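Examining the three-dimensional arrangement
Next come the chains, spelled out residue by residue.
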Amino acid sequence: MVTGVKLPDHSHCRFCGDPIPFGEEYCGESCREGEAEREHAERRKEYLFWGSAGVIILIIIAAAVVTRL
C-alpha cells in the first residue's frame with residue numbers, strides 16, 4: 001500500500017458508483033433517472049409487502065373470529 005498519496009476530494013455516483021466531483025450526486029442524467037426508477041421500484045415493493053402483511057393479519061383475525069362462533 002502506498003502511503004502519503006492524497007486523492008483529490010471527490011464523491012461517488014449514487015447509482016453507478018463512479019468517482020465524480022465532490023458535492024455532486026450523479027455522474028449524468030442517465031444515472032439520475034436510473035436511481036429514480038430504482039427508488040420507485042423499492043417503494044412499490046415496500047407497499048406490496050406491508051399491504052400483503054395487513055391482508056394476512058386480517059385473514060387470521062377473521063379466521064379466529066369465525067372459529068369461535
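Heads up: these notes are all about the structure in this document. Remember, predicted model here, so these are calculated numbers, not experimental data.

**Some remarks on the overall build of the chain**
- A tally of helices and strands in the chain yields one helix and two strands.
- Secondary structure of the chain in N-to-C order comes out as β-β-α.
- Expressed as lengths along the three principal axes of its C-alpha atoms, the size of the chain is roughly 75 × 30 × 15 Å.
- With 69 residues in all, the chain has 10% of them scored as buried.
- Partitioning the contacts of the chain with sequence separation of at least 6, the portion at a separation of at least 24 is 3%.
- In the form shown here, the chain has an accessible surface area of approximately 6,200 Å², with 63% of it arising from carbon and sulfur atoms.

**A word on the pattern of salt bridges**
- According to the stated counting rule, one finds five salt bridges in the structure shown.
- A salt bridge links Glu-29 to Arg-32, with the nearest nitrogen and oxygen atoms 3.8 Å apart. Here the residue Glu-29 and the residue Arg-32 both occupy positions in helix α1 (residues 29–68), the gap between them amounting to three residues, near one helical turn.
- The partly exposed category is assigned to Glu-29, whose relative accessible area is 49%.
- Note that Glu-35 is salt-bridged to Arg-38, the shortest N-O span being 2.8 Å. Remark: Arg-38 and Glu-35 occur in helix α1; sequence separation between them is three residues, near one turn of the helix.
- Residue classification places Glu-35 among the buried positions, given a relative accessible area of 3%.
- One continuous salt-bridge network, built from bridges that share partners, spans Arg-14, Glu-25 and Glu-39.

**Some points on a nonpolar patch on the surface**
- A grouping of Ile-57, Leu-58, Ile-61, Val-65 and Leu-69 is seen on the molecular surface, where their side chains present a nonpolar patch of about 560 Å² in accessible area.
- Its location among the elements puts Leu-58 in helix α1.
- A residue is classified by how much of its surface remains accessible, and Leu-58, at 57% relative accessible area, is exposed.

About the thresholds
- Residues numbered from 1 in each chain as written.
- Predicted model: local features only at pLDDT ≥ 70, side-chain atom pairs only at ≥ 80, totals over all residues.
- Heavy atoms only, no water.
- Helix = DSSP H or I, 4+ residues; strand = E, 2+ residues; numbered from the N terminus.
- Buried < 20%, exposed > 50% of the residue type's maximum accessible area, 1.4 Å probe, protein only.
- Contact = heavy atoms within 4.5 Å.
- Areas by Shrake-Rupley, 256 points an atom, 1.4 Å probe, with all protein chains shown as cover.
- Salt bridge = Lys/Arg side-chain N within 4 Å of Asp/Glu carboxyl O.
- Patch = residues over 30% accessible without salt bridge, like charges linked within 9 Å, V, L, I, M, F, W, Y side chains within 5 Å.

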